[in-house]
Amino acid sequence: MRGRFSLWMWILALLVALMAPSALAAKGGNKGGNDGGGDSGGEDPPAANPALLWTDTAGRSGSTWEVRVADADGLNASTLLAATGDGLAADPSWSPNGSYFVYRGDDAYGDPALHVASADGASTTQIHAGQAYDPKWSPATTADGTARIVFAASTSAGPWDLFAVTPSGTGLVNLTSTPNRHETYPTWSPDGLSVAARYADYDAGGTLTQRGIVVYAITTVSGVLTATVDLEITDATSELTDIAFLDWSRTGDKIACSAVGGTYADRDIWVIDLFAPGSPTNVTASSGVLEKWPTWSPDDTEIAYTRYGGNKKDKGIFVMAASGSGSATAVIKGGGEHYRRPDWLR
């Protein structure tokens, strides 16, 4: 009995040994692939991980505006949407699961409009007719239980207000309706219950009196989304000038922005802690270049942004540690001031 048991154990061990290399090969084949794809035998390149969306106005392939996508390290870059002539495809923002993105484009008559596209750009749907700048898709359902896209637009009365609409184009609402205040560059809090934006206040004569960051709590009143001022951070409080291009961190209470401050005369990327706004962190601390459009990595450890000016090597989309330590890495190089509004998939 013992001999037969030993024989079966030997056979079992042999089978395990023979199967092990195949299991390892399958595991190795999935590494770097997309959606668990197997080993391609070296014939096909790895599937792209579409981490970064951005707008390219470089006129690539005869187009004026393009929405492009690439891995977080800049590899596998490709064009998702291209608008020819005077057309527009700009300012993309991912949906939370990366299945769609919203972008600013044109309608059939060449007028401004807001569109939602599939992740591969193969299908697009217009969801709003009219101005819709800097659209941002909510990372979670908002106070009324729906997903929302917030954007800035000027009104017939003149000021720029914040609006919200569902991804299907329903439920459009003016969140702010502030006669003497312009709000631009909106960004959602991680829980979808607040919106931060740059604000600029003007007196009756049209003179700028104050500007900075405003945080609105988004609630419902009689079933309608409403924005109430929750926090204001003036330029004087943060000791920064001309704060713009906001992006709320994925998990915390920090906002990345582009501003001028300290001894640096050009725009840098800064991080403002909403609980300690008087001590912002200069992430890039660069001279001779303009840095705009920051976007947080999914784990909040890095920030991607655009850089203009200086030498050719100083132009493109860069990634930097959010703490400001180390040096920046260029992931999309060149292009002058052609790159704008990168958005890192959550």
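Residues numbered from 1 in each chain as written. Predicted model: local features only at pLDDT ≥ 70, side-chain atom pairs only at ≥ 80, totals over all residues. Heavy atoms only, no water.

Enquirer: Any chance you could explain the overall build of the protein chain here in plain terms?
Expert: The number of helices and strands found in the protein chain is two helices and 24 strands. When the 346 residues of the protein chain are sorted by exposure, 45% land in the buried category. Considering only intrachain contacts with a sequence separation of at least 6, the fraction spanning at least 24 residues in the protein chain is 37%. By element, 54% of the accessible surface of the protein chain is carried by carbon and sulfur atoms, the whole surface being about 16,200 Å². (Helix = DSSP H or I, 4+ residues; strand = E, 2+ residues; numbered from the N terminus. Buried < 20%, exposed > 50% of the residue type's maximum accessible area, 1.4 Å probe, protein only. Contact = heavy atoms within 4.5 Å. Areas by Shrake-Rupley, 256 points an atom, 1.4 Å probe, with all protein chains shown as cover.)

Enquirer: Whenever I open this one, the packing of aromatic side chains confuses me. Can you help?
Expert: By the definition in use, this model includes nine aromatic pairs. Arranged with centres 6.3 Å apart and planes meeting at 80°, the rings of Trp94 and Phe101 form a pair that is edge-to-face. Both residues of the pair, Trp94 and Phe101, count as buried. Aromatic pair Tyr185 and Trp293: ring centres 6.1 Å apart, planes at 75°, arrangement edge-to-face. Here Trp293 lies in strand S20 (residues 290-296) and Tyr185 lies in strand S12 (residues 181-188), a separation of 108 residues in the sequence. The class for Trp293 is buried, based on a relative accessible area of 9%. Here the aromatic cluster, defined as three or more aromatic residues joined through ring pairs, consists of Trp94, Phe101 and Tyr103. Between the NZ or CZ atom of Arg181 and the centre of the ring of Tyr199, over which it lies, the distance is 4.1 Å. The lysine or arginine in question, Arg307, covers the ring of Phe318, its NZ or CZ lying 4.1 Å from the ring centre. (Phe/Tyr/Trp six-rings, centres within 6.5 Å; stacked < 30°, edge-to-face > 60°. Lys NZ or Arg CZ within 6 Å of the ring centre and 35° of its normal.)

Enquirer: Just to check I follow, could you spell out the environment of Thr301 for this structure?
Expert: With respect to the helices and strands, the residue Thr301 is situated in the loop between S20 and strand S21 (302-308). A residue is classified by how much of its surface remains accessible, and Thr301, at 43% relative accessible area, is partly exposed. Sequence separation of Thr301 and Ala321 is 20 residues, and the distance between their C-alpha atoms is 6.0 Å. If we skip the residues at most four places from it in the chain, Thr301 touches Met320, Ala321 and Ala322. Here Asp299 takes part through its side chain, which lies 2.7 Å from a polar atom of the side chain of Thr301. (Polar contact = N/O pair within 3.5 Å; in protein donor to acceptor, adjacent residues only side chain to side chain.)

Enquirer: Help me out: how do you make sense of the side chain of Glu66 in this one?
Expert: Within the fold, Glu66 resides in strand S2 (residues 63-70). For Glu66, a relative accessible area of 3% puts it in the buried group.

Enquirer: Any chance you could explain unusual backbone geometry here in plain terms?
Expert: Peptide bonds are mostly trans, and most non-glycine residues show a negative phi. Positive phi outside glycine occurs at Asp91, with the angle close to 55°. Here Asp91 is to be found in strand S4 (residues 89-94). With a phi angle near 55°, Trp293 is a residue other than glycine that sits in the positive phi range.

Enquirer: For this particular structure, what's the right way to read the sheet that holds strand S23 (residues 329-333)?
Expert: The strands making up a sheet associate through backbone hydrogen bonding, with each pair oriented either parallel or antiparallel. The four strands lie next to each other as S20-S21-S22-S23, forming an open sheet whose pairing is antiparallel. On the outer flanks of this sheet lie S20 and S23, each paired with one strand and no other. Each adjacent strand pair in this sheet contributes to an overall mean axis angle of 30°, direction not counted. (Pairing = 2+ DSSP bridges. Axes fitted to C-alpha atoms, helices over the stretch in contact; angles between N-to-C directions.)

Enquirer: Can you help me understand the sheet that holds strand S6 (residues 112-118) in this one?
Expert: The sheet built from four strands is open, its strands ordered S4-S5-S6-S7 with antiparallel pairing. On the outer flanks of this sheet lie S4 and strand S7 (124-129), each paired with one strand and no other. Strand-to-strand twist in this sheet, taken as the mean axis angle between neighbours without regard to direction, amounts to 25°. In the sheet, S4 pairs with strand S5 (residues 100-106) via four bridges, with the strands oriented antiparallel. If you follow Ala89 over to S5, its bridge partner there is Gly105.

Enquirer: Is there a simple way to think about the side chain of Ser286 in this case?
Expert: When you line up the elements, Ser286 lands in the loop between strand S19 (276-282) and S20. The buried category is assigned to Ser286, whose relative accessible area is 13%. For Ser286, the side chain forms a polar contact with the side chain of Glu291, separated by 2.8 Å.

Enquirer: Would you mind going over the pairing of S12 with me for this structure?
Expert: Two faces make up the sheet, and in a regular strand the side chains alternate between them. When you tally the buried positions in S12, you get seven out of eight residues, the bulk of the element. As paired elements, S12 and strand S13 (residues 194-202) share six bridges and run antiparallel to each other. For Arg181, the partnering residue across the bridge sits in S13 and is Asp201. Counted between consecutive antiparallel strands, the loop separating S12 from S13 contains five residues, among which Gly192 sits at a positive phi close to 75°.

Geometric descriptors of this kind do not, in isolation, establish any biological role.
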